[in-house]
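Inside the fold
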Amino acid sequence: MKQTIAFPSGTVDYYFKSKVEELSRICSNRDLILLTDVTIAALYPGLFAGRKHIIIPSGEDAKTAESIKEITKKLLELDATRKSMIVGIGGGVITDITGFVASVYMRGIKFGFVPTTLLAMVDAAIGGKNGVNVGLHKNILGTINQPEFILYDVKFLDTLPTPEWSNGFAEIIKYSCIFDSELFSELEDYDLSFYKTSPEAVAELIATCAGWKNKTVAEDELETGIRKLLNFGHTSGHAIETIYHLPHGQAVAIGMVIACKLSSEINGFSTAGTERLTDLLERYSLPVKYHFSAPHIMEVLKMDKKRNNKNIDFILLSQIGEGYIQSLPLETIEQTLNTCM
Ligand code: ADP
Ligand code: ZN
């Protein structure tokens, strides 16, 4: 099922409910170079045999400027030219690196993605943001540049470890909270083990979430307005992730609960709503609280680049399925954090 979406910076072909075997047809006559990590290369060797490819270590530690230099050397060895195309096959780390290296190699060559984690399928691969870390500075080097295509094959999820499934569900639950109360109810009707054994339902879920992200990014690619809604659960979530080294989805889950409690303070969001969210997160094996230090979190929030003066832009819920942006004073956030531990 092909769907073409136009963003300000470029047009992307989405192949939903597809098969990785379609890659040759989609990229026919292109000088293809596949970029992947050691985990995917070991699990799916047949994909890479006989094709030009580059394999990098797996995990966030590989998302560095140093990797870009190594990949560049390999691209040169493989005779990559301006006409070559890089296809990233992997999770969010691979799609981020692929987008970045393709954007700067010879001032930019074409690229495409085959996301292999649920998180990359519903979130990381979509939206054109890419980048690498320098030291502790996440995504400090990067561009906004859309891939030529994104090909979805849920078969990859057969090998995805359960904690990675939960990571993806944190983002899926996020979309349901800010945009889609029907999706929220659907998620309440099922659970992790249902989706793990129902590829068609997962493919449907992915298309729905990709649709929400595409709609948001198409309207506001540079994140000056509505795209900020996608940061629901991420403001305090990122701080928790940075300090306590929790997996992204777990930190976002805790961040979403904090955002609900702040919503109750600010706009009277119902405690029943917060309970529905915590029940749902638990259903997908995600944490709902953490014994964090509020002052420590505040320190990191104060350094957050989204801060203006004494306020931070927070994403709150007016009800389940409806998020909005609210600038909040630091004191209000600190008070609520103290009640959240
Ligand atoms: P993200 O969670 O942002 O998508 P990564 O790219 O770091 O981040 O992927 C998470 C981990 O899952 C990595 O160790 C990666 O090698 C591994 N991985 C990615 N896709 C699969 C898959 N389909 N099966 C098994 N492991 C996978
Ligand atoms: Zn996220």
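Preceding this section is the structure that the text describes.
Residues numbered from 1 in each chain as written. Chains lettered and ligands numbered in written order. Predicted model: local features only at pLDDT ≥ 70, side-chain atom pairs only at ≥ 80, totals over all residues. Heavy atoms only, no water.

1. As for the nonpolar core
This is how the line gets drawn: The criterion is simple. A nonpolar core is a set of buried Ala, Val, Leu, Ile, Met, Phe, Trp, Tyr and Cys residues joined through side-chain atoms within 4.5 Å. The classification of residues rests on relative accessible area computed with a 1.4 Å probe and restricted to protein chains. Under 20% of the type maximum is buried, over 50% is exposed, and intermediate values are partly exposed.
The biggest cluster of nonpolar side chains holds 97 residues, and the ones touching the most others in it are Leu118, Phe169, Ile173 and Leu187. Among the nonpolar cores identified, the runner-up in size contains 18 residues, and Val20, Leu23, Leu34 and Phe156 belong to it.

2. Some points on helix α4 (residues 92-104)
Test applied: A helix here means a DSSP run of H or I that spans at least four residues, while a strand means a run of E at least two residues long, and both kinds are numbered starting from the N terminus. For a helix, the expected span equals 1.5 Å multiplied by the number of residues minus one.
Helix length check: α4 (13 residues) gives 19 Å between terminal C-alpha atoms against 18 Å at 1.5 Å per residue, within 8%. Looking at α4, one finds that the buried residues are Gly92, Val93, Ile94, Thr95, Asp96, Ile97, Thr98, Gly99, Phe100, Val101, Ala102 and Ser103. One or two positions beyond α4, positive phi appears at Met106, with a value near 50°.

3. Digging into the packing of aromatic side chains
The test is simple: Ring pairs are drawn from Phe, Tyr and Trp, using the six-membered ring of Trp, whenever the two centres fall within 6.5 Å, and their geometry is named by plane angle: stacked under 30 degrees, edge-to-face over 60, tilted for the rest. Two limits define a charge over a ring: the Lys NZ or Arg CZ must be within 6 Å of the ring centre, and within 35 degrees of the ring normal.
Under the counting rule described, the total for this entry stands at 13 aromatic pairs. Note on Phe111 and Phe113: the rings are 5.5 Å apart at their centroids and 55° apart in plane angle, and the pair reads as tilted. The two residues Phe111 and Phe113 agree in class, both being buried. One aromatic cluster is present, formed by Phe169, Tyr190, Phe194, Tyr195 and Tyr284 through successive ring pairs. Stacked on the ring of Tyr175, the Lys or Arg Lys174 has its end atom at 5.1 Å from the ring centre.

4. Structural notes on the side chain of Asp180
Convention followed: Asp and Glu are treated as the negative residues and Lys and Arg as the positive ones, with His and the ends of the chain left uncounted. In what follows, salt bridge is the name for a side-chain nitrogen of Lys or Arg lying within 4 Å of a carboxyl oxygen of Asp or Glu. Any pair of N or O atoms that falls within 3.5 Å is considered a polar contact. Within protein, one atom must be able to donate a hydrogen and the other to accept it, and sequence-neighbouring residues count only if both atoms are side-chain atoms. Residue contacts are defined here by distance: any two heavy atoms, one from each residue, within 4.5 Å place the two residues in contact.
Structurally, Asp180 can be placed in the loop between α6 (162-179) and α7 (181-189). Arg276 is the oppositely charged side chain nearest to the buried, salt-bridge-free Asp180, at an N-O distance of 10 Å. Of the polar contacts made by the side chain of Asp180, one reaches the backbone nitrogen of Leu183; its length is 2.9 Å. Sequence-distant contacts of Asp180, defined by excluding residues within four places in its chain, comprise Tyr175, Thr208, Trp212 and Gly321.

Worth remembering: the numbers are spatial, not functional.
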